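Understanding the architecture of this molecule
Chain by chain, the residues:
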Amino acid sequence: MSMLLILIPLSLVLIGIAVWAFIWAVGSGQFDDLETPAWDILSQPESDDSNKYDAAGT
Amino acid sequence: MCCEGCRAVAELIAGMGLTDYYRFRSQPAQQSGQNHDDKLQFFARPEIAAQYVHTDTAGYCEVNLLVEGFRCAACGWLIERGLGRLPGVTKVGVSVATARVRVEWDHNRLQMADLLRALSGLGYQAQPVTADSVRHHKETERRNALRRIGVAGIGMMQVMMYVLPLYLRDQTHMAVPVQHYLQLISMLLTTPVMFYSGWPFLYGAVRALGNRTINMDVPVTLALLMAYLTSVYHTLLGAGDTYFDSVTMFVFLLSLGRYVEMVLRHRSASRGDALASLQPVSAQRYSRDSEGNEIIQEIPVSLLQVGDDVLIRAGAVLPADGEVTVGCSTVDESMLTGEAMPQKRTVRSSVLAGTVNVESPIRVRISAVGGKTALSGVIRLLERAQADKPHLALAADRVARYFLQILIVLSILVGIVWWHFNPERAFEAILAVLVVSCPCALSLATPAVIAAASAAMARRGLLITHGDAIEKLASISHVVFDKTGTLSTGIVSIGRTQVMSCLSVVQCHDIAASLEIGAEHPVARAFQARGIARWTVNDLHIVPGGGVQGVIEGITYRLGSPAFAAANKHSYDPDDASVVLSGDEKVLARFELTDPLRSDAIQCVRQLNDAGISTSILSGDAGQVVESVAAVCGINQYQSRCKPEDKLKAIQQLQSKGEVAMVGDGINDAPVLSAAGVSIAMGAGSGLAHASADAVLLSNQLSSLPCVILIARRARKIMRQNLYWAAFYNITSIPLAALGLIPPWLAAIGMSLSSVLVVLNAARLLRDSRQDAGDTVLQRTLHTAINPV
């Protein structure tokens, strides 16, 4: 039974970390835009290419 | 300040950023009267207020406010009453779906800052809507909601873990100290869930009670507090049942329901916001430095004034309406009119705020700023429609308020009855009744559909300006078209040219163009477009009602109606709409004018007929023309040479058979339009700001009309489904809960699901136009690519 005295507070600490991580993720804007990242995969290569041309040529 | 850049930044902060600054400063810990007064004073400054407030000629003002902490119909009711009581306020429209309040008031008796002060007295923070504040507000609201859900979700899962052994304590013979230990830990975890995640409910309820009214939060809060406080008491006492798992689950499920509602609400409002976010923050104004040289200054848009000259670089968004003075470019107006192709704009053409200059830099003289631009007009109409509550929704709200009062009394009765028969379950039954029967679904049923339907229609280029219009559109059986400007483009061009002399066709066109140079009316433009004005004209003068007369190389030319130009030498049919050119009293050529049909007119009529809607034309034009247009479009009923009173009579006659929609160009047809059940005006031109029509076809595309009517019919169907569902849910769930057949956790799910279902049902209207939405996302991505600001 004395295990519970250690394990339950330990689980509380883990919950604390989970909550902190979630709040951090929300605060840093991870959930702000769930749509654009899906579009990024389409637009990214093009802009990269044009950057390369810019750097090399013009 | 070291340079122009710093200056611009500083001015921008002063012009726009202050709002945000004070929002940050007004967090609870620092909220002092001083800061709030500062904010009010900021909005009291005339130049700031002018940015948001639209004043009409009669001295009445109109503003849209975004209200924080807006949750349900009862909040709306409170705000309506609170602001309506202020002296000078003439109208208050609250949009529950978008958390906006539209206020009209007498300019002489009240300032915008007074409205904000009154709102803050009621316990709401409000600010006039600009693109910035909307985006910021949404982001904060969404993040806060997500955090609360996250905390509630994690808390719920863990509390469930600790509580499970307690449920099994009889089988496992758990020692009493361990039970207390688990209860204590559960309490520790439930407390943040209750007071952080559940804060919106608690705060909402306290505020409602403070204003001596009842909103949806009150029964929920009662249930939460009862369950929580009893559990805490039992835990500290060391005896009795605890309900921590129920509390966390309530909070989690209810927050989740509210979150889905919020996301859908934001999505419905996004059309208006998309338009609002088109307005740029700064502009580049031409001005003179101390030595009199012309320089370009970056200034906040709020400081722009009518008559200023601004530089619009390629890819930049226009800050205000104006006229091009130097340069030539194409302008993308797609967000405003739905027109996909960029439009050509040269010197003296007008350009609109919010449109994108695509090709090359232009210099623009400002003709309208802030609330007076066409873009603001569109946004205002859209917001008015969303704030306008149809009769059905008003009735639903009234029912919901009475219902809440009855509900609280009922739950007490249920408690008393259960106490007599089975005291152990009385508590559970009260909780279930309080939670299950929230009439949220009833209040949301219609506004959610209105918001979704007007957004879906806006995507097809139809702007709804009155909430009732959707219901009426759904029931129309007959559509009346005006001809010029509606079925036809209204842009006159020159058709067949009949030459009656030795001149060539080209020569005739050039002579005509020379005579018409500088004239403004549509026929003159048609000639200017066709020929080259290569001759100088002497003695040029205009004969009203006839045409123009001028001398070129010694010959007196006349261009105009047959009677004027041919000077009675030939007799012409009075119906003849053609233009004749004569030289020294001799007829040289006859030009036929055509007003081409819109490309989609035929398709529109056919689709309307397919949908079981009959069509007719009422036109003031000559018989032949109307007849041929009717024949081409496939319209059987038509009346030509109608005066406005004839049109009125005809519409009233048609109305005896069913609901009639009238499509007209909005300017000449105003009285006729207002007589029809639903009036639809064409175009986004200058007439828009005072359009009395129920709807405006911004895209000018007739083909979207049948489509929009179908959307309206579906919207009506969904609205009825929603109302039936909400009524059915509340009628069946309460007796079941009172009989103790619904456990509290099921009550929480039921209540959330009932409102989410209503909103999701409404969102079906948005889903079908997802293809279009994808297109606009693409377009917007392109815009941002071109214009990183």
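Residues numbered from 1 in each chain as written. Chains lettered and ligands numbered in written order. Predicted model: local features only at pLDDT ≥ 70, side-chain atom pairs only at ≥ 80, totals over all residues. Heavy atoms only, no water.

**Overview of the sheet that holds strand β13 (residues 356-357) of chain B**
Within a sheet, adjacent strands bond to each other through the backbone by hydrogen bonds, running parallel or antiparallel. Residues and elements named next belong to chain B. In plain terms, the rule: Here the rule is simple: two strands pair whenever DSSP picks up at least two bridges between them. Helix and strand definitions here come from DSSP, where helices need a minimum of 4 consecutive H or I residues and strands a minimum of 2 consecutive E residues; each element is numbered from the N-terminal end.
Read across the open sheet, the three strands follow the order β11-β10-β13; overall the sheet is antiparallel. Taken across any chain shown, the strands that pair with only one partner, and hence form the sheet edges, are β11 (343-345) and β13. Pairing between strand β10 (residues 329-332) and β13: two bridges, direction antiparallel. Bridge pairing in β13 places D332 opposite V356.

**Side note on a nonpolar patch on the surface**
Counted only if it meets this: Patches draw on residues past 30% relative accessible area with no salt bridge. Two like charges within 9 Å are joined, as are two nonpolar side chains (Val, Leu, Ile, Met, Phe, Trp, Tyr) within 5 Å. Reported accessibility uses the Shrake-Rupley method at a 1.4 Å probe radius. Residues are deemed covered only where the shown protein chains occlude them. Salt-bridge detection follows one rule: a side-chain nitrogen of Lys or Arg within 4 Å of a carboxyl oxygen of Asp or Glu.
On the surface, V409, I412, L413 and I416 of chain B cluster together into a nonpolar patch covering about 370 Å² of accessible area. In this structure, I412 of chain B sits in helix α14 (residues 391-421).

**Focus on the packing of aromatic side chains**
Given two aromatic rings, one states the distance between the centres and the angle between the planes to describe the pair. All names here are of chain B. For clarity, the threshold we go by: For Phe, Tyr and Trp, where Trp contributes only its six-membered ring, two rings pair if their centres lie within 6.5 Å, and the inter-plane angle classes them as stacked under 30 degrees, edge-to-face over 60, or tilted in between. The buried label applies to any residue whose accessible area, calculated with a 1.4 Å probe on protein chains only, is under 20% of its type's maximum; exposed applies above 50%, and partly exposed to all values in between.
All chains considered together, the criterion is met by six aromatic pairs over all chains. Here the aromatic rings of W199 and Y203 are separated by 5.8 Å at their centres, their planes lie at 25 degrees, and the arrangement is stacked. Residue W199 and its partner Y203 are located together in helix α9 (residues 199-210), separated by four residues, close to a single helical turn. The class for W199 is partly exposed, based on a relative accessible area of 41%. Taken together, a centroid distance of 5.8 Å and an interplanar angle of 40 degrees make the contact between W725 and Y729 tilted. Here W725 and its partner Y729 are both found in helix α26 (residues 704-738), four residues apart, which amounts to about one turn of the helix.

**Digging into the pattern of salt bridges**
All names here are of chain B. In this structure the tally under the stated criterion is six salt bridges over all chains. D114 serves as the salt-bridge partner of R117, at 3.3 Å between the closest nitrogen and oxygen. A residue pair is termed a helical-turn pair when its members lie 3 or 4 positions apart in one helix, as R117 and D114 do in helix α5 (residues 112-122) at three residues. Linked by salt bridges that have partners in common, D309, R363 and R365 make up one network.

**A closer look at unusual backbone geometry**
Residues and elements named next belong to chain B. For H173, which is not glycine, the phi torsion reads 50 degrees and is therefore positive. For H173, the position within the fold is in the loop between α7 (169-172) and α8 (176-197). A positive phi angle is found at E553, which is not glycine, with a value near 45 degrees. Relative to the helices and strands, E553 resides in the loop between β19 (547-552) and β20 (555-560).

**Focus on the pairing of β10 of chain B**
Residues and elements named next belong to chain B. Here β10 shows a buried face lined by S329 and V331 and a second buried face lined by T330 and D332. Examined bridge by bridge, β10 and β11 share three bridges and lie antiparallel to one another. What sits directly across from V331, in β11, is Q343.

**A closer look at the packing of α8 of chain B against α9 of chain B**
In helix packing, the relevant descriptors are the interaxial angle and the interaxial distance, both defined with respect to the helix axes. Residues and elements named next belong to chain B. Using the following cut-off: Interaxial angle, 0 to 180 degrees, is taken between N-to-C directions of lines fitted to C-alpha atoms, where a helix line uses only the stretch in contact. Angle categories: roughly parallel below 35 degrees, roughly antiparallel above 145, roughly perpendicular from 65 to 115, and oblique for all the rest. In what follows, residue pairs with any heavy atoms lying within 4.5 Å of each other are defined as contacts. Amino acids outside the nonpolar list (Ala, Val, Leu, Ile, Met, Phe, Trp, Tyr, Cys, Pro) and the charged list (Asp, Glu, Lys, Arg) are all regarded as polar, and Gly is one of them.
Running from amino to carboxyl end, α8 crosses α9 at an angle of 50 degrees, the nearest separation of the two axes being 5 Å. What the angle tells us is that α8 and α9 run oblique. In contact with M194, F195, Y196 and S197 of α8, α9 contributes W199, P200, F201 and L202. Per-class residue counts for the contact of α8 with α9 are seven nonpolar, one polar and no charged.

**A short note on the packing of helix α16 (residues 440-459) of chain B against α26 of chain B**
All names here are of chain B. Inclusion rule: In this scheme the handedness of a crossing depends on how the near helix is turned from the far one: anticlockwise by less than a right angle means left-handed, clockwise means right-handed.
In the contact formed by α16 and α26, the axes pass within 9 Å of each other and the chain directions differ by 165 degrees. By the angle class used here, α16 and α26 are roughly antiparallel. The two elements α16 and α26 cross, and the hand of that crossing is right-handed. Note on element contacts: α26 touches α16 through V708, I711, A712, A715, I718, M719, N722, L723, A726 and A727, opposite A441, L442, A445, T446, V449, I450, A453, A456 and M457. Residue composition of the contact of α16 with α26, by class: 17 nonpolar, two polar and no charged.

**Looking at the nonpolar core**
Quick note on the threshold: Here, nonpolar core refers to any group of buried Ala, Val, Leu, Ile, Met, Phe, Trp, Tyr and Cys residues whose side-chain atoms link them within 4.5 Å.
Of all hydrophobic cores here, the largest spans 77 residues; its most connected members are Y162, L182, L224, V435 and M751 of chain B. It is helix α6 (residues 131-167) of chain B that contributes the most residues to this core, eleven residues altogether. Filtering out sequence-adjacent residues up to four positions away, L182 of chain B remains in contact with I8 of chain A together with Y162, P165, L166 and M174 of chain B. In this structure, A452, C604, I718 and L765 of chain B belong to the second largest nonpolar core, which totals 48 residues.

**Re the interface of chain B and chain A**
It is common to report an interface's size as the accessible area lost on association of the parts. What counts here: Defined here as a combined quantity, buried area equals the accessible surface (1.4 Å probe) lost by two parts on assembly, summed across both. Any pair of nitrogen or oxygen atoms within 3.5 Å is treated as a polar contact; in protein, a donor-acceptor pairing is required on top of that, and neighbouring residues in sequence qualify only through side-chain atoms on both sides.
Between chain B and chain A, the contact holds 19 residues from the first and 20 residues from the second. Here chain B meets chain A over a buried area of about 1700 Å², counting both sides, of which 75% is carbon and sulfur. Our count for the contact surface shared by chain B and chain A stands at zero salt bridges. On inspection of chain B and its partner chain A, the count reaches four residue pairs in polar contact (both at pLDDT 80 or more). Looking at the side of chain B that touches chain A, the elements with two or more residues in it are α6, α8 and α28 (770-786) of chain B. Ranked by the residues each element gives to the side of chain B that touches chain A, the list is headed by α6 of chain B, at ten residues. Of the residues contributing to the side of chain B that touches chain A, the split by class is twelve nonpolar, three polar and four charged.

**Some thoughts on the side chain of N730 of chain B**
Among the structural elements, N730 of chain B can be located in helix α26. Discounting chain neighbours no more than four positions away, the residues touching N730 of chain B are F403, V436, S437, C438 and P439 of chain B.

**Remarks on the sheet that holds strand β21 (residues 579-583) of chain B**
All names here are of chain B. Spatially, β17-β22-β21-β20-β19-β18 is the arrangement adopted by the six strands of the open sheet, whose pairing is antiparallel. Of all strands in the sheet, those with a lone pairing partner are β17 (493-499) and β18 (538-543), marking the two edges. Averaged over all pairs of adjacent strands, the angle between their axes in this sheet comes to 15 degrees, without regard to strand direction. In terms of strand pairing, β19 meets β20 through six bridges, oriented antiparallel. Directly across from V548, in β20, lies its bridge partner L559. Contacting β17, β18, β19, β20, β21 and β22 (586-594), helix α19 (residues 505-516) runs over the sheet at an angle of about 105 degrees to β19.

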